[in-house]
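Each chain, letter by letter, is given below.
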Amino acid sequence: MIIQNGTIEVKQKRGGGVDSETGHPVVKNYNWDSPIPCQYIPISHDKRATYNGEHYTMASYMVLVEEQPFCTTGEQVRLTDEYGRVVGEYPVASIEYLEAVCETKLII
């Protein structure tokens, strides 16, 4: 049982590639799957990170979901808090099924 404090959505790519008749590239479309209730816990949160002289926030979260099996075929996931505010969009670093509690643990 999770203590829900947000939702997670998977970003799915639609289209893309090359048109076989014309040889022109096909535009990629991205859609978000329906929100899945989750519990997220910050692992690290650093507001001092810089890249090319620009500051940004580097963050990592552990996310627990009860959906079984949870598989992400998308490129990214979007994490939102319990009030519907977007926490961020992150790639999935690892997925682990926790059999004893029937949950899936994601590290993003």
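Overview of the structure. As the structure is a prediction and not an experimental result, all values here were calculated from the model.

**Describing the environment of Asp81**
On the secondary structure map, Asp81 appears in strand 5 (residues 76–81). Through-space distance from the C-alpha of Asp81 to that of Gln4 is 9.3 Å; in sequence the pair is 77 residues apart. Those residues within four positions of Asp81 in sequence are excluded, and the remaining contacts are Asn5, Gly6, Tyr40 and Val87. A distance of 3.0 Å separates a polar side-chain atom of Asp81 from the backbone nitrogen of Tyr83.

**Details of unusual backbone geometry**
Unlike most non-glycine residues, Cys102 shows phi in positive territory, near 55 degrees. As for its placement among the helices and strands, Cys102 is situated in the loop between strand 7 (94–98) and strand 8 (103–107).

**Looking at the packing of aromatic side chains**
Both the distance between ring centres and the angle between the ring planes are used here to describe each pair of aromatic rings. Tallied over the entire structure, the rule returns two aromatic pairs. Between the aromatic rings of Tyr40 and Tyr61, the centroid separation amounts to 5.8 Å while the plane-to-plane angle is 80 degrees, which identifies the pairing as edge-to-face. Of the two residues, Tyr40 is situated in strand 3 (residues 36–51) and Tyr61 in strand 4 (residues 54–65); the sequence distance between them amounts to 21 residues. In this structure Tyr61 comes out as buried when scored by relative accessible area, which is 6%. One aromatic cluster is present, built from ring pairs that chain together Tyr40, Tyr61 and Tyr90. Seen from the ring of Tyr30, Lys11 lies directly overhead, with NZ or CZ sitting 4.6 Å from the centre. We note Arg78 situated over the ring of Trp32; from NZ or CZ to the ring centre the distance is 4.2 Å.

Analysis parameters
- Residues numbered from 1 in each chain as written.
- Predicted model: local features only at pLDDT ≥ 70, side-chain atom pairs only at ≥ 80, totals over all residues.
- Heavy atoms only, no water.
- Helix = DSSP H or I, 4+ residues; strand = E, 2+ residues; numbered from the N terminus.
- Contact = heavy atoms within 4.5 Å.
- Polar contact = N/O pair within 3.5 Å; in protein donor to acceptor, adjacent residues only side chain to side chain.
- Phe/Tyr/Trp six-rings, centres within 6.5 Å; stacked < 30°, edge-to-face > 60°.
- Buried < 20%, exposed > 50% of the residue type's maximum accessible area, 1.4 Å probe, protein only.
- Lys NZ or Arg CZ within 6 Å of the ring centre and 35° of its normal.

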